[in-house]
Amino acid sequence: MSDAYLALEDGRVVEARGRVPGRTRGELVFTTAYTGYEESLTDPSYEEQVLTFSYPLIGNYGVRAERFESDRVHPRAAVAREFTEEVVEWLADEGVPAVDHLDTRDLVTSIREEGAMKVGIAVGEDVTPEDAKEELAQCKGMSEHVDIGAQVTTTELTTFEGDGDTTVALVDCGAKGSIVDSLVDRGATVHVLPYDADAEDVSALDPDVLFISNGPGDPENYTATHDLVEEFAGEVPLAGICLGQQIVASALGGTTEKMAFGHHGVNQPVRDLQTGKVVMTTQNHGYTVADPGDKLDVTQVNVNDDTAEGLASEELSVITRQYHPEAHPGPHDSLGFFDDVLAMAGTEGNEHKPRAVASD
Ligand SMILES: NC(=O)CC[C@H](N)C(=O)O
């Protein structure tokens, strides 16, 4: 008997050590990031997912709130080979079930071979495999969370003042805090809007850039955000990261699709098609732009699988990234993206010198 069971969609039930009790379910994904567990666990993009760490020891440098990317832990549960006590206390405070002492390498291999799969989790003294199977039976597919943006967005307009003269309207579909920081660091004033903001809300801000954030779930479900992109394309420069790239592409005539298990890690190589330069990037996504349509050009591709990593339109003033140029966690190779966004706005930021060694 064990005090923790994972019921997988492929029919297996895996035993583990229970670290934080609870019963839950979600799409089982993994990250190969070997640092940044605080940033990953507080990334709203993981909403409704169960996050498995391929790196064996999670918590070896403590837990500090200043590294958090949002105000709470977003995965429905956390899985690792070993969690430290400090991480267990943090997850317990947040009410997030956690398990360890299982073969996470085997779990990651299964996800790689069979694709991201649903999982039911039951943790506690008297749990049984049937409890985990009951959770699995209730688990929705990611695309079935049709209003997932409501679970992660800001409830009201929030402004972060910069000392330059660029105004950015950022639509919060589950934005990581370091995206806002990266813009404010460069002098922009960032108005963070709810994911379902309408055209009047944006026009009232008279922004130099409309920026669509990262976020969880299927990009096709963000209908209000699609409408904003369609409304302002060609009127206001557009930028987007991860989910933002997917929504912009879809709203401008492209298509998106679900990947087998996505890209979740901090060492994904991306090549710029113009310069040929390769940068290492942080990635966390399970959907991708299958076809950018005829209004956007692919400017950067993933070296491993040729998926679209950067899109642009000079005519419409659009620049988007599938990866996370803000890092947090991961390499700073692509922080220059934020300078490019402000340059596209045609205004001057502050004298900030990008922290990155090289921009993408
Ligand atoms: N980090 C993100 O913005 C993720 C985008 C989208 N939910 C995906 O999984 O592809």
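None of these values were measured; they are calculated from a predicted model. (Residues numbered from 1 in each chain as written. Predicted model: local features only at pLDDT ≥ 70, side-chain atom pairs only at ≥ 80, totals over all residues. Heavy atoms only, no water.)

A. Fine view of a nonpolar patch on the surface. A cluster of nonpolar residues, Tyr34, Tyr55 and Leu57, forms a patch on the protein surface that exposes about 270 Å² of accessible area. Within the secondary structure layout, Leu57 lies in strand β6 (residues 57-58). (Patch = residues over 30% accessible without salt bridge, like charges linked within 9 Å, V, L, I, M, F, W, Y side chains within 5 Å. Areas by Shrake-Rupley, 256 points an atom, 1.4 Å probe, with all protein chains shown as cover. Salt bridge = Lys/Arg side-chain N within 4 Å of Asp/Glu carboxyl O. Helix = DSSP H or I, 4+ residues; strand = E, 2+ residues; numbered from the N terminus.)

B. Examining the layout of surface pockets more closely. The volume enclosed by the largest pocket comes to roughly 410 Å³. Lining the largest pocket are 21 residues, with Ser70, Val152, Thr154, Asp172 and Ala175 sitting closest to its centre. Listing elements by their share of the lining of the largest pocket, those giving two or more residues are α5 (149-152), β11 (158-160) and α6 (177-184). Across the lining of the largest pocket, the residue classes tally to seven nonpolar, eight polar and six charged. (1 Å grid on protein atoms, 1.4 Å probe; cavity = no way out; pocket = protein on both sides within 12 Å on 5 of 7 lines; lining within 4 Å. Points joined across faces, edges and corners; volume = space filled by probe spheres on them. Nonpolar A, V, L, I, M, F, W, Y, C, P; charged D, E, K, R; others polar.)

C. Region of interest: the domain arrangement of the protein chain. In terms of domain boundaries, the protein chain breaks down into domain 1 (4-140) and domain 2 (148-345). Taken residue by residue, the interface counts 24 residues in domain 1 and 21 residues in domain 2. Summed over both partners, the interface of domain 1 with domain 2 buries about 1800 Å², with 52% contributed by carbon and sulfur atoms. The largest per-residue losses of area from domain 1 upon contact with domain 2 belong to Pro44, Ser45 and Glu69, which jointly make up 29% of the total buried on that side. In this structure, the connection of domain 1 to domain 2 is made through one salt bridge. Glu27 serves as the salt-bridge partner of Lys258, at 2.8 Å between the closest nitrogen and oxygen. Summed over the shared surface of domain 1 and domain 2, the number is 12 residue pairs in polar contact (both at pLDDT 80 or more). At the level of secondary structure, the elements contributing two or more residues to the side of domain 1 that touches domain 2 comprise β4 (22-31), α1 (37-41) and α3 (104-114). Per-element accounting of the side of domain 1 that touches domain 2 gives the leading share, four residues, to β4. When grouped by side-chain class, the residues that make up the side of domain 1 that touches domain 2 number eight nonpolar, eight polar and eight charged. (Domains from an automatic or database assignment. Contact = heavy atoms within 4.5 Å. Buried area = accessible area lost by both parts, 1.4 Å probe. Polar contact = N/O pair within 3.5 Å; in protein donor to acceptor, adjacent residues only side chain to side chain.)

D. Layout of the pattern of salt bridges. One pass over the structure, following the stated rule, counts 16 salt bridges. Of the charged contacts in the structure, one is a salt bridge between Arg17 and Asp100, with a shortest N-O distance of 2.7 Å. Of this pair, Arg17 sits in strand β3 (residues 17-20) while Asp100 sits in strand β9 (residues 98-100), placing them 83 residues apart in sequence. Accessibility expressed as a relative area gives 27% for Arg17, which makes it partly exposed. Exposure remark for Asp100: the relative accessible area of 0% places this residue in the buried category. Here the salt bridges do not stand alone but share partners, grouping Arg17, Arg19, Glu82, Glu85 and Asp100 into one network. (Buried < 20%, exposed > 50% of the residue type's maximum accessible area, 1.4 Å probe, protein only.)

E. Focus on the sheet that holds β11. Reading across from one edge, β11-β13-β12-β14-β15-β20-β19-β18-β16-β17 is the order of the 10 strands in this open sheet, with mixed pairing throughout. The open sheet has two edge strands with one neighbour each: β11 and β17 (278-291). On average, adjacent strands in this sheet sit at an angle of 20 degrees to one another, irrespective of strand direction. In the sheet, strand β16 (residues 255-272) pairs with β17 via 11 bridges, with the strands oriented antiparallel. Residue His264 lies in a different strand from β17, and its bridge partner there is Asn284. (Pairing = 2+ DSSP bridges. Axes fitted to C-alpha atoms, helices over the stretch in contact; angles between N-to-C directions.)

F. Summary view of the pairing of β4. Among the 10 residues in β4, seven count as buried, and that is most of the element. Bridging between β4 and strand β10 (residues 117-123) involves seven bridges; their strand directions are antiparallel. Its bridge partner lying in β10, Leu28 is registered against Met117. One ladder, built from five bridges, connects β4 with strand β5 (residues 49-53); its direction is parallel. In the sheet register, Phe30 faces β5, and the bridge partner there is Thr52.

G. Summary view of the UniProt feature "active site" (unreviewed entry) in the protein chain. Taken from the UniProt record, the annotation "active site" (unreviewed entry) applies to Cys242, His324 and Glu326. Separation in sequence by 85 residues is not matched in space for these annotated residues, since their most distant C-alpha atoms are only 11.2 Å apart. Here, the largest cavity is lined by Cys242 out of the annotated residues. Along the chain, His324 turns up in the loop between β20 (318-321) and α10 (336-345). (UniProt positions renumbered as here; feature names shortened; annotations may be inferred.)

H. Main features of the packing of aromatic side chains. Summed over all chains, the structure comprises seven aromatic pairs. Ring geometry for Tyr195 and Tyr222: centres 6.3 Å apart, planes at 85 degrees, overall edge-to-face. Note that Tyr195 is positioned in the loop between β13 (189-194) and α7 (199-203) and Tyr222 in the loop between β14 (209-212) and α8 (223-232), a separation of 27 residues in sequence. Pair check on accessibility: Tyr195 and Tyr222 agree, each one buried. (Phe/Tyr/Trp six-rings, centres within 6.5 Å; stacked < 30°, edge-to-face > 60°.)

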